[in-house]
Structures are given as C-alpha cells and as structure tokens.
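Residue-level structural notes
Letter by letter, the chains look like this.
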Amino acid sequence: MTLQNFFDFTLSTSAISAHVLFMRAVYKLQTSVQPGGIPRRYEDGVPQPSVQTLAFLRNAVVRFRTWVAKLSSGPSKAHGSAVNVLEIPPLDVLMVWHAYMLSPVTYEKDSSASIGLQALTHMPLEKIAALVDKTSYDFVPTMAQSEAWVGLTDMPFDYTALQHYDFDAMEQIESIDLVQAVMRQSSSIGPMINEASVYEENGLSWSQTIDRYVRFMCLPLEAPVPPVDVDIIWHTHQLKGTQYREDCIKYFGRVINHDDSKPADVVRKGRKLMNEQSKLLLDSTDTTIAVFSVFTSIPDTSTPVDGGSGNGGGQGGGNGGGNGGEGTKCGGPPSGCVRY
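Everything in this summary refers to the structure shown in the same document. Since the structure is predicted, the reported quantities are computational estimates derived from the model, not experimental observations. (Residues numbered from 1 in each chain as written. Predicted model: local features only at pLDDT ≥ 70, side-chain atom pairs only at ≥ 80, totals over all residues. Heavy atoms only, no water.)

**Notes on the overall build of the chain**
On a plain count of helices and strands, the chain comes out with 13 helices and two strands. Split into buried and exposed, the 340 residues of the chain put 54% on the buried side. Accessible surface for the chain amounts to roughly 14,500 Å². Of this, 54% is attributable to carbon and sulfur atoms. (Helix = DSSP H or I, 4+ residues; strand = E, 2+ residues; numbered from the N terminus. Buried < 20%, exposed > 50% of the residue type's maximum accessible area, 1.4 Å probe, protein only. Areas by Shrake-Rupley, 256 points an atom, 1.4 Å probe, with all protein chains shown as cover.)

Rendered as structure tokens:
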C-alpha cells in the first residue's frame with residue numbers, strides 16, 4: 001500500500017506543473033514592478049516593498065475585490081461551478097487570489113459571507129497555465145477574455161493601464177491583509193520556481209514528492225518547515241480549495257491551516273529541524289506508515305518550533321513554520337491520522 005493509495009489527495013502532476021508555470025508568470029510580473037523582487041529584512045523577515053510596488057499591490061487588491069463583488073451581484077453562479085476561460089481575470093488579480101487561498105481557514109470563513117468567494121472554490125490551474133507562454137512566461141489572454149473582464153468590471157485588463165484606485169474606500173471582503181499576504185508569498189515564489197527548474201533539468205518526477213508531502217502532513221506539533229519541493233505540493237493542494245478542506249477533514253479531522261506570518265528566526269529553526277530529520281520524508285514500503293509515530297522526543301521542546309494559530313498549521317518554504325498548533329494521534333490504516 002503506497003501513501004498515495006491510502007491518502008487519496010487527488011493531486012495530479014499536471015496540476016503541480018501548471019502551478020509552477022503560473023508562479024513563473026507571477027514572478028516575472030512582480031520583478032517587472034520591483035526588479036529583483038521584494039526584499040525582506042533578515043532580522044524579522046518583514047517585506048520591504050518600493051513605493052511603486054506598494055501602489056501596484058493596493059491596486060491589485062482593489063481589482064480583486066471588484067471582481068468578487070461583480071461575481072456576487074451578477075448572474076447567479078452555482079456554488080462550486082468551475083471558472084471558465086472567459087472568467088479568468090488578469091494576472092495581477094490572480095496573484096491576489098492565489099495569496100488569499102493560501103490562507104485556507106480564513107478563505108473558508110470569509111466565503112461564508114461572500115457570494116462571489118463562494119463561486120471561487122478553487123483555482124483552475126491548468127486553464128490558467130494554458131494562458132502562460134511556456135518560454136517567455138508572459139500571461140497572454142484572449143481578446144474574448146479581455147472583453148469579458150472589461151464588461152464585468154469596467155476596468156482595463158492590462159494592469160499597466162491602471163489609474164490610482166481608492167484602496168480605503170473599497171469595501172473589504174477579506175479578514176486578512178491581502179497586500180501583506182501577496183508580499184509574504186512573493187519570497188516563496190523565487191525558491192519554488194528554482195527548485196522546479198532543478199526537477200525539470202534532472203528529469204525528476206513530482207510523484208515521489210507527493211509521497212513526501214503526505215508524510216510531512218502527518219508530522220505532529222513540532223513539525224518543521226517543509227522542504228521547498230514539498231511546499232510546492234502543499235501550496236498546489238491548498239489551491240484546490242474545497243477539495244483541500246475535505247481531504248484534511250477526512251484524514252486529519254480538521255483543516256490544516258497555512259500561516260506564513262512566522263518570524264524569521266522561527267523559520268530558520270524550522271528549516272534546520274527539517275534538514276536534520278529529512279529521512280522522515282523519504283519513500284518507504286512500510287504499510288503501517290511509521291511516520292505517524294515520529295517526533296516523540298525532540299530536543300528543546302520547551303520552545304516549540306511553531307506555536308501555530310488556533311487552526312494549526314504553518315507556512316512552509318521561505319516564510320513560515322510547520323504544521324504547528326496541533327499534535328498528531330495516528331493509528332495507521334485504515335483509520336488514518338487524526339490531529340487534535
């Protein structure tokens with residue numbers, strides 16, 4: 001019995017590759033606004049955006065809010081129905097939506113009060129990737145797509161044609177700071193696309209990484225920051241939205257949250273712990289999934305790697321802690337892993 005067979009997370013390698021291509025387009029967009037990307041202070045990891053970047057991100061959030069509001073007030077869209085190609089918004093709006101969905105507990109809570117968000121149950125990664133040039137990483141919409149956006153929002157599709165929008169006057173649908181969320185995610189995107197390039201150049205498969213991702217998700221309270229490749233899988237899974245939440249509840253008893261606001265020193269400690277314990281994520285033919293019993297004894301337990309939020313979980317990659325705030329109580333197949 002493989003981990004994929006036991007944990008049916010319905011993650012396809014094509015969805016992972018589509019996510020990577022989308023991130024490459026976002027990275028190109030962000031670095032066109034602020035060459036080199038948004039730097040972070042080493043001491044606390046706080047993003048240091050330029051004035052131009054901050055204005056660009058605030059405009060992007062206004063455009064995202066407008067899109068969601070128009071979805072709410074327009075013709076009814078069935079809950080859970082797929083976003084078709086003509087409904088895919090501009091890249092700056094997708095960038096905001098992407099960062100928002102990587103706070104899955106918050107996104108679900110906010111969706112209860114927004115008809116527009118209720119229609120946006122998941123990111124259609126493969127449809128989005130089909131609009132990204134695989135060589136230049138430019139986002140290339142169709143004419144019909146651009147016209148549909150303008151007709152819905154009365155805003156230009158091209159973000160470079162923007163005028164200044166009144167950020168503070170726009171009704172806020174989100175309960176997190178989306179500008180800060182995008183900036184935090186920006187520091188993950190560079191390492192992720194670099195890691196993906198290593199996979200591609202060496203002909204590596206994402207299938208084994210999915211195994212390692214499942215093992216990471218079973219780590220208890222002291223779980224460290226995941227390796228970058230595992231973090232790519234985690235992010236891709238979260239972008240499935242409703243499916244991610246259902247998978248978490250089915251196998252772990254609750255939604256595993258993703259918190260990317262951890263201090264830099266917590267991230268470094270978590271990364272160090274993961275490097276030391278990397279063997280826990282290696283492939284194994286052990287059908288009892290021995291990873292369930294790991295971390296029964298961790299040095300320096302008086303200072304957990306990640307205290308977590310009330311919903312548990314932490315950001316991986318370059319930003320946050322591991323699946324903090326929760327222990328793990330697992331009995332192996334068929335009962336699975338139930339977090340508490």
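**Details of empty space enclosed by the protein**
Under the criterion given, the structure shown has one cavity of 30 Å³ or more. Its boundaries defined by the atoms lining it, the largest cavity holds a volume of some 30 Å³. If you go around the largest cavity, the residues you meet are Gln30, Val33, Ile38, Thr53, Phe56 and Leu57. Looking at the lining of the largest cavity, the elements with two or more residues in it are α2 (13-33) and α3 (51-73). Here the element with the most residues in the lining of the largest cavity is α3; it accounts for three residues. Residue composition of the lining of the largest cavity, grouped by class: four nonpolar, two polar and no charged. (1 Å grid on protein atoms, 1.4 Å probe; cavity = no way out; pocket = protein on both sides within 12 Å on 5 of 7 lines; lining within 4 Å. Points joined across faces, edges and corners; volume = space filled by probe spheres on them. Nonpolar A, V, L, I, M, F, W, Y, C, P; charged D, E, K, R; others polar.)

**Here's the deal with the packing of α3 against helix α4 (residues 91-101)**
Where α3 contacts α4, the axes come no closer than 8 Å and their chain directions differ by 85°. In terms of their interaxial angle, α3 and α4 are classed as roughly perpendicular. Each of Phe56, Leu57, Ala60, Val61, Arg63, Phe64 and Trp67 in α3 lies in contact with α4, whose residues at this interface are Asp92, Val93, Met95, Val96, Trp97 and Tyr100. Across the contact of α3 with α4, the residue classes tally to eleven nonpolar, no polar and two charged. (Axes fitted to C-alpha atoms, helices over the stretch in contact; angles between N-to-C directions. Parallel < 35°, antiparallel > 145°, perpendicular 65-115°, else oblique. Contact = heavy atoms within 4.5 Å.)

**Some points on the side chain of His258**
With respect to the helices and strands, the residue His258 is situated in the loop between α12 (242-252) and α13 (264-276). Take His258: its relative accessible area is 1%, and that puts it in the buried class. Looking at His258, its side chain comes within polar contact range of the main-chain oxygen of Leu102, at 2.5 Å. A distance of 3.1 Å separates polar atoms of two side chains, one belonging to His258 and the other to His235. (Polar contact = N/O pair within 3.5 Å; in protein donor to acceptor, adjacent residues only side chain to side chain.)

**Focus: the nonpolar core**
In terms of nonpolar packing, the biggest core is built from 80 residues, with Phe64 and Tyr213 touching the most fellow members. When near neighbours in sequence (up to four residues on either side) are disregarded, Tyr213 contacts Phe9, Leu11, Val230, Ile233, Trp234, His237 and Tyr244. (Core = buried A, V, L, I, M, F, W, Y, C linked by side-chain atoms within 4.5 Å.)

**Focus on unusual backbone geometry**
With phi around 65°, Tyr137 is a residue other than glycine that occupies positive phi space. With respect to the secondary-structure elements, Tyr137 resides in the loop between α7 (125-129) and α8 (143-153). Overall, the relative accessible area of 28% leaves Tyr137 in the partly exposed class. Phi is positive for Asp154, close to 60°, though the residue is something other than glycine. Judged by relative accessible area, Asp154 falls into the exposed class, the value being 68%.

**A look at helix α11 (residues 228-238)**
One full turn of an α-helix is made of 3.6 residues, so residues set three or four places apart face in the same direction. For α11, the buried fraction is high: eleven of the eleven residues fall into the buried class. Within α11, burial applies to Val228, Asp229, Val230, Asp231, Ile232, Ile233, Trp234, His235, Thr236, His237 and Gln238.

**What to know about the environment of Phe56**
The topology assignment puts Phe56 in helix α3. The spacing of Phe56 and Asp92 is 36 residues in sequence and 8.8 Å in space, taken between C-alpha atoms. Apart from the residues lying within four places of it in its own chain, the contact partners of Phe56 are Leu29, Val33, Asp92, Met95 and Tyr159.

**Some words on the pattern of salt bridges**
Applying the stated criterion across every chain, the model contains eight salt bridges. The partner of Glu200 in a salt bridge is Arg24, and the shortest N-O contact between them spans 3.0 Å. With Glu200 in helix α9 (residues 178-201) and Arg24 in helix α2, the pair connects residues that are 176 residues apart, well separated along the chain. On the basis of relative accessible area, Arg24 is assigned to the buried category, the value being 10%. Close ionic contact of Asp110 with Lys109 constitutes a salt bridge, the shortest N to O distance being 3.4 Å. Looking at Asp110, the relative accessible area reads 7%, which means it is buried. (Salt bridge = Lys/Arg side-chain N within 4 Å of Asp/Glu carboxyl O.)

Functional significance is not addressed by these values, which are geometric in nature.
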